[in-house]
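# Reading the structure
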Amino acid sequence: MSNSRRLGRGLEALLGRSLDAPTTTQTDAAPFVDASVETNAAELALPPCMGRDEAGQLWLDLVAIDTNPHQPRKTFDEVEIADLADSIREHGVLQPLLVRTTGDRFELIAGERRLRAAKLAGWERVPVQLREMTDRQMAEVAIVENVQRKDLSPLEKAESFQRYLQEYGGTQDELAKRVQIDRSTVANLIRLLELPEQVKTLLNEGKLTQGHARALLPLGDEVQQVKVANQIVDEGLSVRRAEQMVQETIAELDGGGSLSLFTGEDSTDKATKSKPPISEQIVALETELKSLLGTKVAITRNAKGKGKITLHFADGDEFERLHALLKGGSLAAEAA
């Protein structure tokens, strides 16, 4: 299923109807009926900045439209906007912008790229559709439109998810259901916000991919994350090789001690004792769990088959995240 199709269904659920409106091919010089000269009683309620063309399409002055305060996107590609402006000059705006009323002005719900391009093309008004919508619904539409139709950077997506959860509450699973995306997508992106600023900068600059950044999460230690991230960039390592390096680094760090499960108790003294050889199966299981949980994991097992799994956490927030994963049985979703 294509992204555009998923987007349509997602927005349909949020808006109550499909965005597939009749194609609008009129140019800026298209027939425009000013609200002040309409004879129909219903049209008299329209403000002077709004009117209908001969086909019944609503048009709104650009100067009356404020941008969406819930817009996740921080930057817009100027070349793409310029290309879209050229297309608008030639073909018109093919899909009306969505707006809502805010006092005596209008606020953009969806279509900021089209709004910017129309301004660049020299238009004074654009076709619009009016919607009644709460702030929360606007935030959801902004997430769906940007995350599924035109990719944000991974950190912009993560910040939009986190801001939504902080402002409106709820769980990651509830947010995922409301905007019709995978819960694992929400969880994995939000976890990127745990990375140190130096790593985030490399990610924003495109020197690290999202896969590279996720591979760094199990390290936990910020100094090690920055060190490995710089090595990934300097050596041009693949995601697979980065994952291997992280596991090697964790193995080296584990040699100096470990933490008991969910206690933070130092057990360095036990590390001085001789350790039995670790089987390849145990190493594979540790690697799998580290990837699933996003933290260091150590598995010990005696000759009788008994043993323990030790999870590492850096602080209270990390503990709560691990506790929620284990309590909620969400490992399968995290791995998706």
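Structure: see above.
In this report, we go over the structure that sits alongside the text.

## A look at the pattern of salt bridges
Taken as a whole and judged by the stated rule, the model has 14 salt bridges. As a salt-bridge pair, Asp86 and Arg89 come within 2.6 Å of each other at their nearest N and O atoms. Taken together, the residues span about one helical turn, with Asp86 and Arg89 both in helix α2 (residues 78-91) at a distance of three residues. Its relative accessible area of 43% is what places Asp86 among the partly exposed residues. Taking the shortest distance from any N to any O, the salt bridge between Glu197 and Lys200 comes out at 3.4 Å. Highlighted residues: Glu197 and Lys200, both in helix α8 (residues 197-204), separated by three residues, approximately one helical turn. Classification of Lys200 as buried rests on a relative accessible area of 15%. Each of Arg100, Glu107 and Asp135 takes part in a single network of salt bridges with overlapping partners.

## Side note on the pairing of strand β7 (residues 125-130)
Across the six residues of β7, five count as buried, placing the element largely inside the fold. Examined bridge by bridge, strand β3 (residues 58-61) and β7 share three bridges and lie antiparallel to one another. Counted as the bridge partner of Leu60 is Val126 from β7. Note that strand β5 (residues 97-102) and β7 share three bridges and pair parallel. Residue pairing across strands places Val99 opposite Leu130, the latter belonging to β7.

## Re the side chain of Arg131
Position of Arg131 among the secondary structure elements: in the loop between β7 and α4 (135-149). Despite its burial, Arg131 remains without a salt bridge, the nearest opposite charge being carried by Glu132 at 10 Å.

## Considering the environment of Arg73
The residue Arg73 is located in the loop between β4 (65-66) and α2 in this model. Spatially, the C-alpha atom of Arg73 lies 9.9 Å from that of Glu159, the residues being 86 residues apart in sequence.

## A look at helix α5 (residues 154-168)
For α5, with 15 residues, the first-to-last C-alpha span of 21 Å sits near the 21 Å given by 1.5 Å per residue. Buried within α5 we find Pro154, Leu155, Glu156, Lys157, Ala158, Ser160, Phe161, Tyr164 and Leu165.

## With respect to unusual backbone geometry
Even without being glycine, Gln180 reaches a positive phi, approximately 60°. Topologically, Gln180 is positioned in the loop between α6 (172-179) and α7 (183-191). When its relative accessible area of 40% is taken as the criterion, Gln180 is described as partly exposed.

## Focus on the packing of aromatic side chains
The full count for this structure, using the stated rule, is two aromatic pairs. A centroid spacing of 6.1 Å and a plane angle of 25° characterise the contact between Trp59 and Trp123, whose relative ring orientation is stacked. Of this pair, Trp59 sits in strand β3 while Trp123 sits in the loop between α3 (112-120) and β7, and the two are 64 residues apart along the sequence. Summarising the aromatic geometry, the rings of Tyr164 and Tyr168 are spaced 5.1 Å apart at their centres and angled 50° between planes, so their arrangement reads as tilted. With Tyr164 and Tyr168 both in helix α5, this residue pair falls four residues apart, about one helical turn. Positioned above the aromatic ring of Phe76, the side-chain terminus of Arg116 is 4.0 Å from the ring centre.

## Remarks on the environment of Leu202
In this structure, Leu202 sits in helix α8. Measuring from C-alpha to C-alpha, the distance between Leu202 and Val233 comes to 8.4 Å, with 31 residues separating the pair along the chain. When sequence neighbours within four positions are dropped, the list of residues in contact with Leu202 reads Lys207, Leu208, Ala229, Asn230 and Val233.

Rules behind the numbers
Within each chain, residues carry numbers counting from 1 in the order of the written sequence. It should be noted that, the model being predicted, local features are given only for residues of pLDDT at least 70 and side-chain atom pairs only at 80 or more, the latter also being counted only at that level, while totals for whole chains, interfaces and linings use all residues. Only hydrogens and water are set aside; all other atoms, that is, all heavy atoms of the structure, feed into the side-chain values. Here, a salt bridge means any side-chain nitrogen of Lys or Arg that lies within 4 Å of a carboxyl oxygen of Asp or Glu. The helix and strand labels rest on DSSP assignments: H or I over at least four residues marks a helix, E over at least two residues marks a strand, and numbering proceeds from the N terminus. For the exposure calls, accessible area comes from a 1.4 Å probe over protein chains only, and a residue counts as buried if that area is under 20% of its type's maximum, exposed if over 50%, partly exposed in between. For two strands to be treated as a pair, DSSP must find at least two bridges joining them. Two residue types count as positive, namely Lys and Arg, and two as negative, namely Asp and Glu; His and chain ends fall outside the count. Between the first and last residue of a helix there are one fewer steps than residues, each counted as 1.5 Å, and that sum is the expected span. Stacked, edge-to-face and tilted labels apply to pairs of Phe, Tyr and Trp rings (six-membered ring for Trp) whose centres lie within 6.5 Å, assigned for plane angles under 30 degrees, over 60, and everything in between, in that order. Working rule: Lys NZ or Arg CZ, within 6 Å of ring centre, within 35 degrees of ring normal, means a charge sits over the ring. Any two residues whose heavy atoms approach within 4.5 Å at even a single point are treated as in contact.

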